[in-house]
Every structure is written in structure tokens, then in C-alpha cells.
Amino acid sequence: MSIDQKSVTLPAINSSHTEFAPVDHGRRLIRIETRRIAALIPVRSVIVSVVLIIVIVGTGLASMTIGAYEIDFPAVLRAIVDPASDPDIRQVVFEWRLPRVLFAVLCGAALALAGGIFQSLTRNPLGSPDIIGFGIGAQFGVTLVMIVLELNTYMFKAAGALVGGLLTALLVYVLANKNTMSSFRLIIVGIGVSAGLGSLTSWILISVSVEKAMMAATWGAGSLASLGFDQLIPAAIVFAIVTVLSLPLARTLPVLEMGDDAATALGISPGRTRLAAMIFGVALVALVTAAAGPISFIALAAPQISQRLTRSNTPMGTVPVMLTGSALVVVSDAVAQLVAVPVGVVTVSVGGIYLAWLLAAQYARRT
């Protein structure tokens, strides 16, 4: 029996079963059904997710061989799986390099999910936090906390990033909202607010001592160096909480993309959905900004790449989108270590090319 012609049902196990079923446009679904939960998962999304996990694990292990203290690939594997291996190598791997890889995975997933939320909310591939100013708002908040208030602990930077991002989101929303919310107007207003906050950040940096300006500039480049489990554990807890709370958006935002009238007819409140989406999206951006600084263009590129890989109708995905972001940051950080630059420099360089291509593609479609 061919899967292309008929669905294949597997035997039930513990009152649940998994089956393949044909869907429209040639897509296939894996149906997982229990007494309480029923879910349809596209087969292509599963395949893409598996490939991305392999890329993340392989690149992450390879990046742990890079550094002043040279460690070959087998030694890294032994240090991870064998507690009796060389203690010096285990210390380097577990205390210095493994937290950096895990942070890259977390930051990529958070930025990709935030980008998917905002692109679905604005119904525009340019509607990412990098473009509409929310990332700059979080960066401005951290700059005030670090430079003006001289508070450099993770909790204070996280609070500054969250408050700065939320206030920026509120400002952009108020300025762009004229009876109806236009995604084009939101993006244009966001670009203007982003430019203004960028100018204020530059003014602050040139008004302080060279030491403070250098500290803020180093952080502003976006780097995963010097991050350990002390920062990773609270960041992972916050990320898990925000991700779980934002899961309902994967169902409501695609409906909202059809318009407010259609969403209201289906029992979804457009106002509450937009408010929740903006809060969760800004929280995810603030989480990354507080820990590693601004890592640009991941939120812009990851949802679009994931949407094309999985052939989804919306950038608001969950697992494939987050895995795409994680893979991008892990690969970018490995490249950054090879060329001895912060990861933010790599993502900006690649992201600038991607943005130019995206703008050209948008213009070509309209003409």
C-alpha cells in the first residue's frame, strides 16, 4: 500500500494510535490521537525538524572544539559521555563551551518564535522586532540600566530590556493605530521609532566615559561569550514559561491573519490576541537582549526560512520555527568563533544580505 494513495494506520498502543493521512495540496499529516488529545502534524515538518536537530547537535559539538584550548572531536564526545575522562577537558567543555552552545540554541529559538509572532501579527515578512523597533527598544532599556543607572546584573538588564521593549511597542502601536491597524503603517512607524531610539542610544554612549562606552558597545555587538549556567538556568526557565503561555497564539494568530471580522466570527478577540502577542513577543526579545545583547535578523529570517522549508501557510509555527532559529544562531556562533568576532556581527552581515533579497523579492512581486 502506498502512502501517496491511502493513509496507513498503525496499531493502537495504550489507547492511542498514529496514522498517516492525505491532506490538500499533496501534504501528508501524522495524526496522533489519545483519549484527551488529538493532533495533526505535517510529515514534512517532522522531517525538517529532525534535519534541523541533526544540524544543531552536529554544529554544536563541532563548535566546542574551537578555542584557545584545542580539543578534538572525539575528546569532546568523551568529555560529555564519560565522567572518568580528562578532568581538564571536562571542565573546558562543561563550564565554558557547553553553556555557550545551549545559549545559542535558546536565543535562536526565542528570537525565531518572536519573529513568527510579529510577522503573523503584521501579516508581513518584514514585521519582525528588528524592523519595527521592539529590539531597539529593548536595547535602549538595557543601555539606560547599564550606563545611566550602573546596574549590570542579569535581572536588572532583563527588567530594562522588558520595560524598554514594552514601552516601545506601546508607542509604535499608539502612533500606528488609526481606527484600523495597518501592517504597512506599523512597519513604517516602527522604523521611525527605531531610528530615534538608535540616535538616543548613540547620544548616551558619546556622553559617558570611554570605559562605559566600550562596555556598552561590546555588549551591543551581541555576544555569547562569557555566558555560563548562572545566566542560562534563569533564562531557560523564563523562556519555557513564555513559550508555554504563547502556545495558544499558534492557533489564534493564523486565524487573525484572515482579518478581524473572520476572527471575531470564529470566537477570537482581535484586541486581546494582539495585546498578548505583543507582550509575549517583546518578552522573548527582551530575554535574549538582556543575556547576550542584540542578535539581529534571526527574528526576521528564521520564520521565513522555516515557512519555506515546511511549506506552511503562516510564519507562526512552533517547533520547526524555533529549531530553524536555533540552527541559525548555532551555525553563526561557530562561524563567529572561527573568525574571532561576536555572533551579532555574523548575523548582521548575513541578515543584511537576506533583507536586501527579501525587499527585492517583495518589489518584484508587486511589479
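You'll find the structure just up there.
All of these numbers come straight from a predicted model, not from anything done at the bench. (Residues numbered from 1 in each chain as written. Predicted model: local features only at pLDDT ≥ 70, side-chain atom pairs only at ≥ 80, totals over all residues. Heavy atoms only, no water.)

Asks: I'd like a description of the overall build of the chain, backed by residues and values.
Replies: When you go through the chain residue by residue, the secondary structure sums to 14 helices and five strands. Summed over all atoms, the accessible surface of the chain reaches about 18400 Å², with 67% contributed by carbon and sulfur. (Helix = DSSP H or I, 4+ residues; strand = E, 2+ residues; numbered from the N terminus. Areas by Shrake-Rupley, 256 points an atom, 1.4 Å probe, with all protein chains shown as cover.)

Asks: Could you give me a rundown of the side chain of S49, with the residues and numbers involved?
Replies: Of note, S49 is situated in helix α1 (residues 43-63). Here the side chain of S49 touches S45 through a polar contact of 2.8 Å, landing on its backbone oxygen. The residues contacting S49, other than those within four sequence positions of it, are V319, P320 and L323. (Polar contact = N/O pair within 3.5 Å; in protein donor to acceptor, adjacent residues only side chain to side chain. Contact = heavy atoms within 4.5 Å.)

Asks: Go over unusual backbone geometry with me, naming the residues and quoting the values.
Replies: The backbone of F297 sits at a positive phi, close to 75 degrees, despite the residue not being glycine. Relative to the helices and strands, F297 resides in the loop between α11 (270-292) and α12 (298-310). Judged by its relative accessible area of 16%, F297 falls in the buried class. Even without being glycine, A340 reaches a positive phi, approximately 60 degrees. Mapped onto the elements of the fold, A340 is located in the loop between α13 (319-339) and α14 (343-366). The exposed category is assigned to A340, whose relative accessible area is 67%. (Buried < 20%, exposed > 50% of the residue type's maximum accessible area, 1.4 Å probe, protein only.)

Asks: Give me the lowdown on the nonpolar core, citing residues and values where you can.
Replies: Membership of the largest hydrophobic core comes to 83 residues, with the highest contact counts inside it found for L224 and I295. Contact partners of I295, with chain neighbours within four places excluded, come to C107, L111, L224, V288, V343 and T347. By size, the runner-up hydrophobic cluster in this structure holds eleven residues, among which are M64, I71, A75 and V92. (Core = buried A, V, L, I, M, F, W, Y, C linked by side-chain atoms within 4.5 Å.)

Asks: Please set out the pattern of salt bridges residue by residue, giving values where relevant.
Replies: Applying the stated rule across the entire model yields two salt bridges. Linking D333 and R100 is a salt bridge whose minimum nitrogen-to-oxygen distance equals 2.9 Å. You can see D333 sitting in helix α13 and its partner R100 sitting in helix α3 (residues 87-122), a full 233 residues away along the chain. In this pair, the class of D333 matches that of R100, namely buried. The shortest N-O distance in the salt bridge between E150 and K212 comes to 2.3 Å. Of this pair, E150 sits in the loop between α4 (134-148) and α5 (154-176) while K212 sits in helix α7 (residues 210-220); the two residues are 62 residues apart in sequence, bridging distant segments of the chain. (Salt bridge = Lys/Arg side-chain N within 4 Å of Asp/Glu carboxyl O.)

Read these as layout, nothing more, since geometry by itself doesn't imply function.
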